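# Analysis of the macromolecular model
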Amino acid sequence: MTASGLPVRAPQRHLVPGAAVPSQVDRSNTPRRDPSKVAAAMSAYARGVAGRRPAGS
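Our focus in this paragraph is the overall build of the chain. Counting secondary structure elements, the chain contains one helix and zero strands. The C-alpha atoms of the chain give 23 Å as radius of gyration, which overshoots the globular expectation for 57 residues (10 Å, by more than 25%). Seen along its three principal axes, the alpha-carbon backbone of the chain occupies a region of about 50 × 45 × 20 Å. Of all 57 residues assigned to the chain, the portion counted as buried reaches 0%. About 6,000 Å² of surface is accessible on the chain, with carbon and sulfur atoms providing 58% of the total.

Rendered as structure tokens:
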């Protein structure tokens, strides 16, 4: 407890030891994306979201 009576945080206290094994992510087989295509897709998504009807109508 702190001087003001609050509990002291114990980092990662909620985790169960041994419940999850850290994985090694192999990104060597991940396909590379063309940045201009990603930008175009995100732009199209933003236009679609901006043009939607207001909720509840």
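Turning next to unusual backbone geometry. For residues other than glycine, phi is negative in most cases, and the peptide bonds are mostly trans. Residue Gln12 is not a glycine yet carries a positive backbone phi of 60°. Relative to the elements of secondary structure, Gln12 occurs in the segment before helix H1 (35–50). For Gln12, a relative accessible area of 56% translates into the label exposed.

A few words now on a nonpolar patch on the surface. Side chains of Val38, Met42, Tyr45 and Val49 sit close together on the surface and give an oily, nonpolar patch of about 390 Å² of accessible area. When you line up the elements, Tyr45 lands in helix H1. Among the residues examined, Tyr45 registers a relative accessible area of 57% and is labelled exposed.

Among the structural elements, Arg47 can be located in helix H1. By relative accessible area, which is 56% here, Arg47 ends up exposed. Sequence-wise, Arg47 and Ser36 are 11 residues apart; in three dimensions their C-alpha atoms are separated by 16 Å.

Quick notes on the rules
- Residues numbered from 1 in each chain as written.
- Predicted model: local features only at pLDDT ≥ 70, side-chain atom pairs only at ≥ 80, totals over all residues.
- Heavy atoms only, no water.
- Helix = DSSP H or I, 4+ residues; strand = E, 2+ residues; numbered from the N terminus.
- Rg over C-alpha atoms; globule rule 2.2 N^0.38 Å.
- Buried < 20%, exposed > 50% of the residue type's maximum accessible area, 1.4 Å probe, protein only.
- Areas by Shrake-Rupley, 256 points an atom, 1.4 Å probe, with all protein chains shown as cover.
- Patch = residues over 30% accessible without salt bridge, like charges linked within 9 Å, V, L, I, M, F, W, Y side chains within 5 Å.
- Salt bridge = Lys/Arg side-chain N within 4 Å of Asp/Glu carboxyl O.

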